[in-house]
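Geometric and topological summary
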Amino acid sequence: MSFSAVVVAAGAGLRAGPGEPKVWRTLGGKPIVRWSVEGLLAAGAREVVVVVARDRLGQIDEALTGLEGWRAVTGGRTRAESVQAGLAGVTAGRNQPVLIHDAARPFVSREHVGRLLAALDLADGAVPALPVADTLKRGEGLVDETVSREGLWRAQTPQAFRVGRLKAAYRRWPANEEPTDDAAVLERAGGHVAMVPGDPMLMKLTYPEDFLLAEHLAGSRRIVRTGLGIDAHRFGPGDVVWLCGIRIEHELGLVGHSDADAGLHAITDAVLGAIGAGDIGEHFPPNDPRWKGASSDQFLRHAVGLVKAKGGRLLNADVTLICERPKIGPHRQEMRARIADLLELPIDRVSVKATTTEGMGFTGREEGLMAQAVVSVETPA
Ligand code: MG
């Protein structure tokens, strides 16, 4: 089901201790606000509106660089004002689902979102809720009483609503009161809110020690995917061969619609394969005149951009070139450097190998050459 999302990142997070407000700190090498936005995009959000303080607009561009499908709006003085500013930025129709999410809960996943959207069929709103495990006490220093935890739940975010219904509920909410979550606003307006199973992974980073735990959990929320690419091009008239982004003088050229760089084509296909994004011919049809004679580095850059848009990053690339000639050895380091540059990787994460087929087959007869590439990509689970 299509849905929009509002991520509230305008708060100061004073309980988290001194330093940057918590959503701007890094977790697993990424700003915390990016975790939430990536998680919602990966779960299928059609748009994510991120609410930030006015002086953070530049910072959010930087924190979310490479992601597509989000926009930032300026928040208000309170969380309620910020949520309403976010809702105003949602373009979906009034009956469409919208998820309101605290940026300080970084580990939102497709499963969480799926449960909430399913519950919206039966109720006006839906919240993830966890039973209270600890015994509850009331008091100041000394215990006045033990409070029964029966029927008590801890509400988390994201919380799901219909756009128009939540907007209307906020319009009726008294200006001098501050709701602690969005479901409370809908409840006050007479809406029915369903509880779906919450998840400890939806924890809110509040106190300094939460960040230590989250840093451990961060590693478990990423998966590594592998992609394989294979390409071959035929030799033809010419005196230059392009391979792995390098120009090599040769007694023949390579025939192809673009510059026929089989090395970069194989890597591009491997990158696309790792993220399940089709193949190079789908993205750059060989009958499209735009790509006639095109330099193949732009194909690879496009594929790398798609990885980033998924919140992923390249880990390494390993290329094998199969030909009798030209000899690859003299160009190997330059090829590695060029590929590393295109993949935005250090050179020791890029390997270029070469082999012949000992005179056998089309590469042995020097009718053409072939390239194979394997890449690894890390993406949100
Ligand atoms: Mg090709």
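Residues numbered from 1 in each chain as written. Predicted model: local features only at pLDDT ≥ 70, side-chain atom pairs only at ≥ 80, totals over all residues. Heavy atoms only, no water.

Ring pairs (aromatic) are described by centroid distance and by the angle formed between their planes. Under the counting rule described, the total for this entry stands at four aromatic pairs. Taking 5.6 Å as the distance between ring centres and 85 degrees as the angle between the ring planes, the aromatic pair formed by W35 and F107 counts as edge-to-face. Taken together, the residues span a long stretch of sequence, with W35 in helix α1 (residues 32–42) and F107 in the loop between β6 (97–102) and α4 (110–119) at a distance of 72 residues. For the pair shown, W35 and F107 are each scored as buried. The interplanar angle of 85 degrees and the centroid separation of 5.9 Å between the aromatic rings of W291 and F299 together place this pair among those described as edge-to-face. Take W291: its relative accessible area is 12%, and that puts it in the buried class. Taking relative accessible area as the criterion, F299 reaches 4% and is therefore assigned buried. Three or more aromatic residues link up through ring pairs in this structure, and these residues are F284, W291 and F299. When the ring centre of F211 is taken as origin, the NZ or CZ atom of R25, which lies over that ring, is 4.9 Å away. If you follow K30 out to its NZ or CZ, it ends over the ring of W35, 4.1 Å from the centre. (Phe/Tyr/Trp six-rings, centres within 6.5 Å; stacked < 30°, edge-to-face > 60°. Helix = DSSP H or I, 4+ residues; strand = E, 2+ residues; numbered from the N terminus. Buried < 20%, exposed > 50% of the residue type's maximum accessible area, 1.4 Å probe, protein only. Lys NZ or Arg CZ within 6 Å of the ring centre and 35° of its normal.)

In this section: the coordination of the magnesium ion. Donor atoms from the polypeptide that coordinate the magnesium ion comprise D231 (OD), H233 (NE2) and H265 (ND1), at 2.1 to 2.2 Å from the metal. For the magnesium ion, the donor residues sit on a single chain with the sequence spacing D-x1-H-x31-H. Of this pair, H233 sits in strand β13 (residues 222–236) while H265 sits in helix α8 (residues 262–274), and the two are 32 residues apart along the sequence. Look at H233 and you get buried, because its relative accessible area is 15%. Exposure remark for H265: the relative accessible area of 8% places this residue in the buried category. (Donors = N, O, S within 2.8 Å, 3.2 Å for Na, K, Ca; no water.)

Positionally, D102 belongs in strand β6. Setting aside chain neighbours within four positions, we find D102 in contact with V8, S36, R79, T157 and K204. (Contact = heavy atoms within 4.5 Å.)

So, about the packing of helix α10 (residues 297–309) against helix α11 (residues 332–343). At a closest axis distance of 9 Å, the pairing of α10 and α11 adopts a crossing angle of 40 degrees. As summarised for this structure, α10 and α11 are arranged oblique, according to the angle between their axes. Contacts between α10 and α11 involve D297, L300, R301 and V304 from the first element and R338, L342 and L343 from the second. Considered class by class, the residues forming the contact of α10 with α11 number four nonpolar, no polar and three charged. (Axes fitted to C-alpha atoms, helices over the stretch in contact; angles between N-to-C directions. Parallel < 35°, antiparallel > 145°, perpendicular 65-115°, else oblique. Nonpolar A, V, L, I, M, F, W, Y, C, P; charged D, E, K, R; others polar.)

Let's shift gears to the pattern of salt bridges. Applying the stated rule across the entire model yields 23 salt bridges. Among the ionic pairs, D318 bridges to K353, the shortest N-O distance being 2.8 Å. With D318 in strand β17 (residues 313–322) and K353 in strand β18 (residues 350–355), the pair connects residues that are 35 residues apart, well separated along the chain. Residue class for D318 comes out partly exposed when judged on its relative accessible area of 26%. Of the residues examined, K353 reaches a relative accessible area of 34% and is grouped as partly exposed. The salt bridge partner of R325 is E366, with a shortest N-O separation of 3.0 Å. Taken together, the residues R325 in the loop between β17 and α11 and E366 in the loop between α12 (361–364) and β19 (368–380) connect sequence positions 41 residues apart. E366 sits in the partly exposed class, given a relative accessible area of 25%. Connected through shared salt-bridge partners, R79, D102, R105, D182 and K204 make up one network. (Salt bridge = Lys/Arg side-chain N within 4 Å of Asp/Glu carboxyl O.)

Turning our attention to the domain arrangement of the protein. Taken domain by domain, the protein holds domain 1 (3–220) and domain 2 (222–380). At the interface, nine residues of domain 1 touch five residues of domain 2. In this assembly, domain 1 packs against domain 2 so that about 530 Å² is buried in total across both faces, 52% of it on carbon and sulfur atoms. In this structure, the connection of domain 1 to domain 2 is made through zero salt bridges. The interface formed by domain 1 and domain 2 contains one residue pair in polar contact (both at pLDDT 80 or more). The greatest single-element share of the side of domain 1 that touches domain 2, amounting to three residues, is contributed by α1. (Domains from an automatic or database assignment. Buried area = accessible area lost by both parts, 1.4 Å probe. Polar contact = N/O pair within 3.5 Å; in protein donor to acceptor, adjacent residues only side chain to side chain.)

This part covers the sheet that holds β18. With respect to topology, five strands assemble into an open sheet ordered β16-β13-β19-β17-β18, the strand pairing being mixed. Only two strands of the sheet have a single neighbouring strand rather than two, namely β16 (253–255) and β18. Neighbour-to-neighbour, the strand axes of this sheet turn through a mean angle of 30 degrees, independent of strand direction. As defined by bridge partners, β13 adjoins β16 across three bridges and the pair is classed as antiparallel. In the sheet register, F235 faces β16, and the bridge partner there is L254. (Pairing = 2+ DSSP bridges.)

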